[in-house]
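Coordinate analysis (summary)
Chain residues, written in single-letter form:
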Amino acid sequence: KQEVTQIPAALSVPEGENLVLNCSFTDSAIYNLQWFRQDPGKGLTSLLLIQSSQREQTSGRLNASLDKSSGRSTLYIAASQPGDSATYLCAVPNYGGSQGNLIFGKGTKLSVKP
Amino acid sequence: GAVVSQHPSRVICKSGTSVKIECRSLDFQATTMFWYRQFPKQSLMLMATSNEGSKATYEQGVEKDKFLINHASLTLSTLTVTSAHPEDSSFYICSARDKPLQETQYFGPGTRLLVL
């Protein structure tokens, strides 16, 4: 059964710092991996999707990497800003159960202090 | 990009009443919709998978008679929480997919349910 773990659970950094969020998954046979952002009491915003054949994806100040063999992904945020404060979730598709639902980690709550 | 809406965004109800939550894909046809539930400081957990024109598939531990799902059209799925209890208070999020398994899902903004 696929399990997704995210560390740290919470992270507080001063504005301007570069930071890395970690995601690990137990079953390396994934098709893709997604990083989402969730603001308090809100839905999910997709940030990056990495296909299994890719090593990384970049969008602005965000860079996500994927190492399938080790079951890990990282989300790198450059020059963090207070507006980056949110919970970041990673998720992989579940093909062992329902038709492609996503299995989520518990998230990393990021706080960027001005 | 594809947009998924949910209504209502927030609902407060008395214990024992039923609440209906709608999930709509606004600019695409969703052959499959997923319903997730998120308790405070927990991750999203799949409740059920809804396919247009067929019965929903429920995850283990989710009572199908309590959480009624109807996917009546390619753009609308509804989740009805019947005889709601305080422990049903949670954040309910739907997602919709219009392409094969390798494509992304589009998430609704979520519905906050509070049962008094």
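Preceding block: the structure.
Residues numbered from 1 in each chain as written. Chains lettered and ligands numbered in written order. Predicted model: local features only at pLDDT ≥ 70, side-chain atom pairs only at ≥ 80, totals over all residues. Heavy atoms only, no water.

1. Some thoughts on the overall build of chain B
Selection rule: Comment: elements are numbered from the N terminus, with helices defined as DSSP H or I runs of at least four residues and strands as E runs of at least two. As a reference, a globule follows 2.2 Å times the number of residues to the power 0.38, and the radius of gyration itself is taken over C-alpha atoms. Using a 1.4 Å probe on the protein chains alone, a residue whose accessible area is under 20% of its type maximum counts as buried, one over 50% counts as exposed, and one in between counts as partly exposed. It only takes one pair of heavy atoms within 4.5 Å for two residues to be counted as in contact. With residues, only the protein chains shown are counted as cover, and all accessible areas are computed by Shrake-Rupley using a 1.4 Å probe.
Counting its regular elements, chain B contains zero helices and 11 strands. Reading the helices (α) and strands (β) of chain B from amino to carboxyl end gives β-β-β-β-β-β-β-β-β-β-β. Its C-alpha radius of gyration of 13 Å places chain B within 12% of the 13 Å reference for a compact globule of 116 residues. For the C-alpha atoms alone, the extent of chain B along its principal axes is close to 40 × 25 × 25 Å. Burial status across chain B gives 50% buried among its 116 residues. The long-range fraction of contacts in chain B, counting pairs at least 24 apart against all pairs at least 6 apart in sequence, stands at 54%. Summed over its atoms, the accessible surface of chain B is roughly 5,700 Å², and 52% of this surface lies on carbon and sulfur atoms.

2. Some words on the packing of aromatic side chains
The condition is simple: Aromatic pairs are defined between Phe, Tyr and Trp rings, using the six-membered ring for Trp, whenever the two ring centres lie within 6.5 Å; interplanar angles under 30 degrees are classed as stacked, those over 60 as edge-to-face, and all others as tilted. Lysine NZ or arginine CZ positioned within 6 Å of the ring centre and within 35 degrees of the ring normal marks a charge as sitting over the ring.
Enumeration over the complete set of coordinates arrives at seven aromatic pairs over all chains. Judged by centre distance (5.7 Å) and plane angle (45°), the rings of phenylalanine 36 of chain A and phenylalanine 104 of chain A are tilted. Remark: phenylalanine 104 of chain A occurs in strand β10 (residues 102–104) and phenylalanine 36 of chain A occurs in strand β4 (residues 32–38); sequence separation between them is 68 residues. Each member of the pair phenylalanine 36 of chain A and phenylalanine 104 of chain A is classed as buried. Relative to phenylalanine 107 of chain B, the ring of tyrosine 36 of chain B has its centre 5.7 Å away and its plane inclined at 40°; by these criteria the two rings are tilted. Of this pair, tyrosine 36 of chain B sits in strand β4 (residues 32–38) while phenylalanine 107 of chain B sits in strand β10 (residues 106–107); the two residues are 71 residues apart in sequence, bridging distant segments of the chain. Neither tyrosine 36 of chain B nor phenylalanine 107 of chain B differs from the other in exposure class; each is buried. The structure contains a cluster of three or more aromatic residues connected by ring pairs, namely Phe36 and Phe104 of chain A together with Phe34, Tyr36 and Phe107 of chain B. For the cation-ring pair, lysine 66 of chain B lies above phenylalanine 67 of chain B, with the distance from its terminal atom to the ring centre recorded as 5.9 Å.

3. Details of the sheet that holds strand β8 (residues 72–77) of chain A
Where strands meet in a sheet, backbone hydrogen bonds hold them as pairs that are either parallel or antiparallel. Residue and element names in this part refer to chain A. Condition: Whether two strands pair depends on DSSP finding at least two bridges between them. Here an angle of 0 to 180 degrees is reported between the N-to-C directions of two axes, which are lines fitted to C-alpha atoms, with helices fitted over the stretch in contact.
Strand order across the open sheet formed by five strands is β1-β3-β8-β7-β6, with antiparallel pairing between neighbours. Sheet topology places β1 (4–7) and β6 (56–59) at the edges, where each strand pairs with a single neighbour. Averaged over all pairs of adjacent strands, the angle between strand axes in this sheet comes to 15°, irrespective of strand direction. With six bridges joining them, strand β3 (residues 19–25) and β8 adopt antiparallel strand pairing. Directly across from asparagine 22, in β8, lies its bridge partner threonine 74.

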